[in-house]
Amino acid sequence: MTLAHTLGYPRIGAKRELKKATEAYWKGEIDQHALEAVGAELRARHWQAQRDAGLDLVTVGDFAFYDQVLNVSVLLGAVPSRFGHFDSQADGEVDLDTTFRMARGRAPSGQPAAACEMTKYFDTNYHYLVPELHAGQTFRLASDRLFQEVDEAKVAGHPVKVVLLGPLTWLWLGKVKGDGARGDDAERLELLDAVLPVYGEILTRLADQGVEWVQLDEPALVQDLPPQWQQAFEATYNKLQSAPVKLLLTTYFGTLGDNLQLATSLPVDGLHIDAVRAPEQLAAVIDRLPAYKVLSVGAIDGRNIWRADLAALHESLAEAKARLGERLWLAPSCSLLHVPVDLDSETKLDTELRSWLAFARQKLDEVVSLSRLLDKRATPDDQARLEAATAALSARRRSTRIHKPAVAERLGAITPGDTERASPYAPRATVQRRKLDLPLFPTTTIGSFPQTADIRAARRAFKTGELSQDAYEAKMCEEIAFAVARQEALGLDMPVHGEPERNDMVEYFGELLDGFAFTEFGWVQSYGSRCVKPPVIFGDVSRPAAMTVRWSTYAQSLTDKPMKGMLTGPVTILQWSFVRDDQPRATTCRQIALALRDEVADLEAAGIQAIQIDEPALREGLPLRHGQWQAYLDWAVECFKLAAAVARDETQIHTHMCYSEFNDIIASIAALDADVITIETSRSDMELLDAFQDFAYPNEIGPGVYDIHSPNIPEVEWMVRLMEKAAERIPLKRLWVNPDCGLKTRGWAEVEPALANMVEAAKELRRRH
Ligand code: GLN
Ligand code: ZN
């Protein structure tokens, strides 16, 4: 029998129950008892869903009130002292409020303290809390939660498999802080010997509870690992093999590559591989798999929302089944945390589009049916599911809603000239300077102004039909006029319209482009209680009509200063959507780029002299393996240029990125050939500009002079000092003065004095230089 299981299930709830409960708890609206009850109810429901689908094991340990990586840190007692726990000295449980304070700096009880750092989990849009470590740290078993959850599942009568982040990936994701921290890869490994006994203790306790299988997630194995880390895998699993449980070592998000031999040879009872992102590794893994091990094949896509081709999978896995027999397990490629919960909630999606999709609950069914098909014990329902999938997929392959000959033709006609501006930067800068007539240290902002409650209420009323189209547009114009007037009064050199009409920088464009669809409940956890609802790019992308021109031209009509048009870039739109799986991502990205190219041309024709194309997601699109970086960067850069290069020399193209770690990709950033790039630098004291200086970055830069995430009003002197530091690295003529990012999350009461100080700082700089 092929065992069916999942690496994890979304915990947020089909109606975002967990989000609502945790936020209510943080606000003091419900007590901890009530919050715990919601957690228990969701766990019970999700385990039952796994059983109802017919999985052979339910997965325990994927639940978290905030983040599963943070849960492991708490389990190991890795709580920085500022949260009131002192390593091994304290012997009590780390309580829930401490966990919340680590995550967000505050909780209903306890002293506020600086939250732990948060960052993206591998190449997903899920953010985890970075394990904060220090040299010489000790660890201890500091939470009973996991064991309680195991009891819960056992009481409910479920066959339990426990999931836990493996010790090496937990350390790999961590960061050593404090005096003397070197920041190299080796220093985290020095803590391994202290961590392993606690893992041993955890595994023993689980065994005592009657747990047979423990899934240890080690996705670090799909990345480029330094040799000492590879060796550490051997040593670690040699030690852990004495634990009285069976270990399933799970890898996902990519190919094992050079770690394949290592992964197959570790002394564990089973291995899971990602056969969606890296189907080609299946045969090689089976060749090397010792006879005592099971192989869990991640055959159903845990990262995307497309319905699986059960017939094709049945065929392609037949050989694996023949070779492995009972040793074959089936699962989604990774935890289902990264997809929405239940397609059945989507009552408004048209039936055809819906027939092409599968969310977490449907993916469980796919795993189960596939395993029964492979075992030749398919029920009529399994057979019907396979046939329905085949029919839906063949309709999808032929659908005229997806395949637009005009889009394909246009893509085929792209020439190298389409991605180059008419002239190089230097002559462009000369004509732009003449035309735009900007002072030294020109001031601008990143695009959005406060999204007030008023604006959001108007949009809600418009969506429900309470507010007419005309009334809504009038309201948006009012907001634009307000923002432009404020900028005039402040004396900003290059104003923006303020983006009041945008709910979200990707969704706004997706709604106006063909080839995009939107779900009602397609929420995916992004961090803590935060969820995102990514658009679904299902078909060829095209632009039926201009998307931003009327707002920008209206804004321009209110001022003599050059209004900056505002677009979201092709890579960011791609990166923050569910992308179709029937063509390369690069192809979809080029389609989006062509649509944006038309928008650039239209803005320019309407008299807009500067256009910003935001690409905050460019960096996060980098593949997990360095060897694949360049190929990605090549098409990402090409797509940006395809959108931008239609602009005439005198039209100034800006771009913006919400970070400043450019060291390793600076050549590609320069290759974008944007006339101006605005970046986040204020928190790093401009040191991150070194990458630009070392590279002799040729175009203009606006290094953010104040952190928009903070409500503090930045002082003039502070910003002058930062710009002086910037001026040591970048020629004066190429510097802009602007905040770090958009201002939509702030209030006008903060924005006005902050920008007034920023304009003052620019004036001071002009006086000095
Ligand atoms: N133009 C966008 C804004 O100002 C950019 C947002 C971003 O970089 N994430 O809101
Ligand atoms: Zn930003």
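In this report, the structure presented in the accompanying data block is examined. (Residues numbered from 1 in each chain as written. Chains lettered and ligands numbered in written order. Predicted model: local features only at pLDDT ≥ 70, side-chain atom pairs only at ≥ 80, totals over all residues. Heavy atoms only, no water.)

### Let's talk about the coordination of the zinc ion (ligand 2)
Reference values for coordination geometry: four tetrahedral donors around a metal ideally subtend 109.5 degrees, six octahedral donors ideally subtend 90 or 180 degrees.
Part 1 of the reasoning: The coordination sphere of the zinc ion (ligand 2) contains the protein donors His 656 (NE2), Cys 658 (SG) and Cys 741 (SG), at a distance range of 2.1 to 2.2 Å.
Part 2 of the reasoning: In this structure, the zinc ion (ligand 2) is surrounded by four donor atoms whose angles at the metal cover 80 to 124 degrees, and the resulting shape is irregular.
Part 3 of the reasoning: Sequence positions of the residues that donate to the zinc ion (ligand 2) give the spacing H-x1-C-x82-C. Of this pair, His 656 sits in strand β20 (residues 652–657) while Cys 741 sits in the loop between α28 (716–729) and α29 (748–768); the two residues are 85 residues apart in sequence, bridging distant segments of the chain. Side by side, His 656 and Cys 741 carry an identical accessibility label, which is buried. (Donors = N, O, S within 2.8 Å, 3.2 Å for Na, K, Ca; no water. Tetrahedral: all angles 85-135°; square planar, octahedral: opposite > 155°, others 65-115°. Helix = DSSP H or I, 4+ residues; strand = E, 2+ residues; numbered from the N terminus. Buried < 20%, exposed > 50% of the residue type's maximum accessible area, 1.4 Å probe, protein only.)

### Some details on helix α9 (residues 227–240)
Part 1 of the reasoning: When the terminal C-alpha atoms of α9 are compared, their 20 Å separation across 14 residues agrees well with the 20 Å that a helix rising 1.5 Å per residue should span.
Part 2 of the reasoning: Within the sequence span of α9, burial applies to Trp 229, Ala 232, Phe 233, Thr 236, Tyr 237 and Leu 240. Buried residues along α9 cover an arc of 120 degrees about the axis, so they all sit on one side. Away from its buried face, by an angle of more than 90 degrees, α9 presents the exposed residues Pro 227 and Gln 231.
Part 3 of the reasoning: Lining the buried residues of α9 we find α6 (167–173), α7 (185–189), α8 (192–208), β8 (213–217), β9 (246–250) and α10 (260–265). (Expected span 1.5 Å × (residues − 1). Arc of directions from axis to C-beta. Contact = heavy atoms within 4.5 Å.)

### Considerations on empty space enclosed by the protein
Part 1 of the reasoning: Summed over the entire model, instances satisfying the criterion amount to eight cavities of 30 Å³ or more.
Part 2 of the reasoning: Taken as a whole, the largest cavity encloses approximately 470 Å³ of empty space.
Part 3 of the reasoning: In terms of lining, the largest cavity is formed by 35 residues, of which the most central are Gly 61, Asp 62, Phe 63, Gln 68 and Asn 71.
Part 4 of the reasoning: Sorting the residues of the lining of the largest cavity by element identifies α3 (68–75), α4 (96–104), α5 (145–155) and β6 (160–165) as the ones contributing at least two each.
Part 5 of the reasoning: Here the residues of the lining of the largest cavity sort into 20 nonpolar, eight polar and seven charged.
Part 6 of the reasoning: The space that makes up the second largest cavity amounts to roughly 70 Å³.
Part 7 of the reasoning: Considering the residues around the second largest cavity, the lining is formed by Tyr 9, Pro 10, Arg 11, Leu 42, Arg 43, His 46, Trp 47, Gln 50, Thr 59, Asp 62 and Phe 63.
Part 8 of the reasoning: Of the residues in the lining of the second largest cavity, the class split is five nonpolar, three polar and three charged. (1 Å grid on protein atoms, 1.4 Å probe; cavity = no way out; pocket = protein on both sides within 12 Å on 5 of 7 lines; lining within 4 Å. Points joined across faces, edges and corners; volume = space filled by probe spheres on them. Nonpolar A, V, L, I, M, F, W, Y, C, P; charged D, E, K, R; others polar.)

### What about the site of ligand 1?
Part 1 of the reasoning: Taken together, Ile 446, Gly 447, Ser 448, Glu 499, Met 505, Met 566, Asp 614, Pro 616, His 656, Cys 658, Cys 741 and Gly 742 make up all the residues around ligand 1.
Part 2 of the reasoning: Side-chain polar atom of Glu 499 to a nitrogen atom of ligand 1: 2.8 Å apart, as the coordinates give it.
Part 3 of the reasoning: For ligand 1, whose accessible area on its own is 300 Å², the fraction buried by protein is 92%.
Part 4 of the reasoning: The residue makeup of the shell around ligand 1, split by class, is six nonpolar, four polar and two charged. (Near = heavy atom within 4 Å. Polar contact = N/O pair within 3.5 Å; in protein donor to acceptor, adjacent residues only side chain to side chain. Areas by Shrake-Rupley, 256 points an atom, 1.4 Å probe, with all protein chains shown as cover.)

### Focus on the side chain of Gln 68
Part 1 of the reasoning: By the element assignment, Gln 68 lies in helix α3.
Part 2 of the reasoning: The class of Gln 68 is buried, set by a relative accessible area of 18%.
Part 3 of the reasoning: A distance of 2.7 Å separates a polar atom in the side chain of Gln 68 from a polar atom in the side chain of Arg 11.
Part 4 of the reasoning: In contact with Gln 68, other than residues within four places in its own chain, are Arg 11, Tyr 126 and Leu 337.

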